[in-house]
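Overview (structure and organization)
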Amino acid sequence: MAFTLPDLPYAHDALASLGMSKETLEYHHDLHHKAYVDNGNKLIAGTEWENKSVEDIIRGTYQAGAVAQNGIFNNASQHWNHAQFWTWMAPGENKGMPGALEKALTDSFGSVQKFKDDFSAAGAGQFGSGWAWLVKDKDGSLKVTKTENGVNPLCFGQTALLGCDVWEHSYYIDFRNKRPAYLTNFLDKLVNWEAVAAAL
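Residues numbered from 1 in each chain as written. Predicted model: local features only at pLDDT ≥ 70, side-chain atom pairs only at ≥ 80, totals over all residues. Heavy atoms only, no water.

Focus: the sheet that holds strand S1 (residues 130-136)
- With antiparallel pairing, the three strands of this open sheet are ordered in space as S2-S1-S3. Since the sheet does not close on itself, it has two edges, and those belong to strand S2 (142-148) and strand S3 (159-165), each with one partner. Averaged over all adjacent pairs, the angle separating strand axes in this sheet is 25 degrees, with direction ignored.
- As paired strands, S1 and S3 are joined by six bridges and run antiparallel to one another. Along S3, the bridge assignment pairs Trp 133 with Gly 163.
- In the packing of helix H4 (residues 99-109) onto the sheet, the strands contacted are S1 and S2, and the crossing angle to S2 comes to about 80 degrees. (Pairing = 2+ DSSP bridges. Helix = DSSP H or I, 4+ residues; strand = E, 2+ residues; numbered from the N terminus. Axes fitted to C-alpha atoms, helices over the stretch in contact; angles between N-to-C directions. Contact = heavy atoms within 4.5 Å.)

Focus on the packing of helix H5 (residues 112-125) against helix H7 (residues 179-190)
- Axis separation between H5 and H7 bottoms out at 9 Å; the angle between their running directions is 140 degrees. For the crossing formed where H5 meets H7, the hand is right-handed. Of the residues in H7, those in contact with Phe 115, Lys 116, Phe 119, Ser 120, Gly 123 and Ala 124 of H5 are Arg 179, Pro 180, Leu 183, Thr 184, Phe 186, Leu 187 and Asp 188.
- Of the residues that constitute the contact of H5 with H7, the class distribution is seven nonpolar, three polar and three charged. (Left-handed = near helix turned anticlockwise from the far one by under 90°. Nonpolar A, V, L, I, M, F, W, Y, C, P; charged D, E, K, R; others polar.)

What follows is the structure in structure tokens.
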């Protein structure tokens, strides 16, 4: 089915006081995400994927072990990644973490801070472009992972609970080359923990 650019679930300037500027969201959502939607629609037109869900397209076109993925996968995966990314953030100070999620993170990582440290390390350590993830694995365990470029947990049968875009277009306007600072800010100020808990 055709890809559609979702509206942001908040105003473009709603995250500015939390470290993600209006300019960043205008570029990131309105231009970068829209490009994945537009290019993806062109690439799937007239193919076997034209009437498939974006999730089916991602799983069906991912090539395990490939150095570079194909264009259909790249655009479909990045469209899905970004559609989730906007919902994993929310305006408002001091967004509390639901108790069930806090317990799950503590049980899995030892503490919420250890989870944050592991997640930040994954994102900072991803060479070049990619994503850092909190996933529920097939056995139900929680893990922190990282993926290159547009690859996401759907490719490995995992459920994405939280993801952070570490492509430079996500942070360069606000943080320049300070990716670790962007990741810390994301976890401490931007994450919509209610959405993460709901996916759990």
